Amino acid sequence: MSDESRDETGEQKEENQLPVFSAFKGVGGDDALVEALKQVIDPELNINIVDLGLVYEILRAEEDPAKVTVSMTLTSPACPAGPQIITQAKMALERVDDVNEATIQLTMTPPWSPDLMTDDARDELGIF
């Protein structure tokens, strides 16, 4: 029997994960993890990936909270900076004191749109 279920977006999610941040469910977050991801800057837009709305969810493994999984997207499926952003996100999380392993799951569902950005990010880009 599988220990996975589908969330409301239809994606499979392991039941043994604890949500610590969810952009869609309004779950606040582990400030250290969110702040670590804010250090990752999209090189094309020069704005961090959290404020851009690229980070959808951060989960900690229930059996080992030092293992973190991030569900995120890119501004487009063909984003040339994608591999760099994913690598930097993994490295930023693994620098947090209580994280030993970070996994980045890239998803294109739901697709990214400027509506996902924070007001500050929209202001920086001149989107009103």
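Preceding this paragraph is the structure being described.
The residue numbering used here restarts from 1 in each chain and proceeds along that chain's sequence as written. Given that this is a predicted model, residues contribute local features only at a pLDDT of at least 70 and side-chain atom pairs are listed and counted only at 80 or more, while totals for whole chains, interfaces and linings are drawn from all residues. By convention in this description, side-chain values take in all heavy atoms of the structure and omit both hydrogens and water.

**Some words on the overall build of the protein chain**
Next up, step 1: Helical segments are the DSSP runs of H or I of at least four residues, strand segments are the runs of E of at least two, and each set is numbered from the N terminus. When helices and strands are tallied, the protein chain shows three helices and eight strands.
Next up, step 2: Along the protein chain, helices (α) and strands (β) appear in the sequence β-β-β-α-β-β-β-β-α-β-α when read from the amino end.
Next up, step 3: Relative to its 128 residues, the protein chain shows a buried fraction of 39%.
Next up, step 4: When the accessible surface of the protein chain is totalled, it reaches about 7200 Å², and 50% of it is carbon and sulfur. Residue burial is assigned from relative accessible area. The probe radius is 1.4 Å, only protein chains are included, and a residue is buried under 20% of its type maximum, exposed over 50%, and partly exposed in between. Method for areas: the Shrake-Rupley scheme with a 1.4 Å probe, in which residue coverage is limited to the protein chains shown.

**Topic: the packing of helix 1 (residues 31–38) against helix 2 (residues 82–94)**
Next up, step 1: For the pair helix 1 and helix 2, the least separation of the axes is 8 Å and the interaxial angle reads 140°. As far as their axial angle goes, helix 2 and helix 1 are oblique. For the pair helix 1 and helix 2, the crossing hand works out as right-handed. Contacts between helix 1 and helix 2 pair L33, A36 and L37 from the former with A89, A92 and L93 from the latter.
Next up, step 2: Per-class residue counts for the contact of helix 1 with helix 2 are six nonpolar, no polar and no charged. Here, axes are lines fitted to C-alpha atoms. For helices the fit covers the stretch in contact, and angles between N-to-C directions go from 0 to 180 degrees. Here the angle decides the label: under 35 degrees means roughly parallel, over 145 means roughly antiparallel, 65 to 115 means roughly perpendicular, and every other value means oblique. Two helices cross in a left-handed way if the nearer one is turned anticlockwise from the farther one by less than a right angle. They cross in a right-handed way if the turn is clockwise. Here, residues are in contact when the closest pair of their heavy atoms is within 4.5 Å. Three classes are used: nonpolar for Ala, Val, Leu, Ile, Met, Phe, Trp, Tyr, Cys and Pro, charged for Asp, Glu, Lys and Arg, and polar for all others, with Gly counted as polar.

**What about a nonpolar patch on the surface?**
Next up, step 1: Patches draw on residues past 30% relative accessible area with no salt bridge. Two like charges within 9 Å are joined, as are two nonpolar side chains (Val, Leu, Ile, Met, Phe, Trp, Tyr) within 5 Å. Think of a salt bridge as a Lys or Arg side-chain nitrogen and an Asp or Glu carboxyl oxygen that are within 4 Å of each other. The grouping of L45, L125 and I127 at the surface amounts to a nonpolar patch, some 190 Å² of accessible area in total.
Next up, step 2: On the secondary structure map, L125 appears in helix 3 (residues 119–125).
Next up, step 3: Using a relative accessible area of 32% as the deciding quantity, one classes L125 as partly exposed.

**Notes on the side chain of D51**
Next up, step 1: Mapped onto the elements, D51 comes out in the loop between strand 5 (47–48) and strand 6 (55–61).
Next up, step 2: Within this scheme the basic residues Lys and Arg register as positive and the acidic residues Asp and Glu register as negative, but His and the chain ends are omitted. Here D51 sits buried without a salt bridge, and the closest side chain of opposite charge, K38, lies 4.3 Å off (N-O distance).

**Comments concerning the pattern of salt bridges**
Next up, step 1: Following the criterion strictly, the structure yields four salt bridges and no others.
Next up, step 2: Among the ionic pairs, K38 bridges to E35, the shortest N-O distance being 3.8 Å. Placement of the pair is K38 and E35 together in helix 1, with a separation of three residues, close to one helical turn.
Next up, step 3: On the accessibility criterion, E35 (41% relative accessible area) is partly exposed.
Next up, step 4: Between R60 and D98 there is a salt bridge, with its nearest N and O atoms 3.1 Å apart.

**Regarding the pairing of strand 8 (residues 101–106)**
Consecutive residues of a regular strand have side chains that alternate between opposite faces of the sheet.
Next up, step 1: As defined by bridge partners, strand 7 (residues 67–72) adjoins strand 8 across six bridges and the pair is classed as parallel. Directly across from K67, in strand 8, lies its bridge partner E101.
Next up, step 2: Crossover handedness for the path strand 7 to helix 2 to strand 8: right-handed. Here, any two strands with at least 2 DSSP bridges between them count as paired. Handedness is read with the strands pointing away from the viewer; a crossover is right-handed when the path from the first strand over the helix to the second is clockwise.

**Describing the environment of A102**
Next up, step 1: Positionally, A102 belongs in strand 8.
Next up, step 2: Classification of A102 by relative accessible area gives buried; the value is 2%.
Next up, step 3: Distance in space between the C-alpha atoms of A102 and M91 is 7.9 Å, their sequence separation being 11 residues.
Next up, step 4: Discounting residues that sit within four places of it in the chain, A102 has contacts with V68, K90, L93 and E94.

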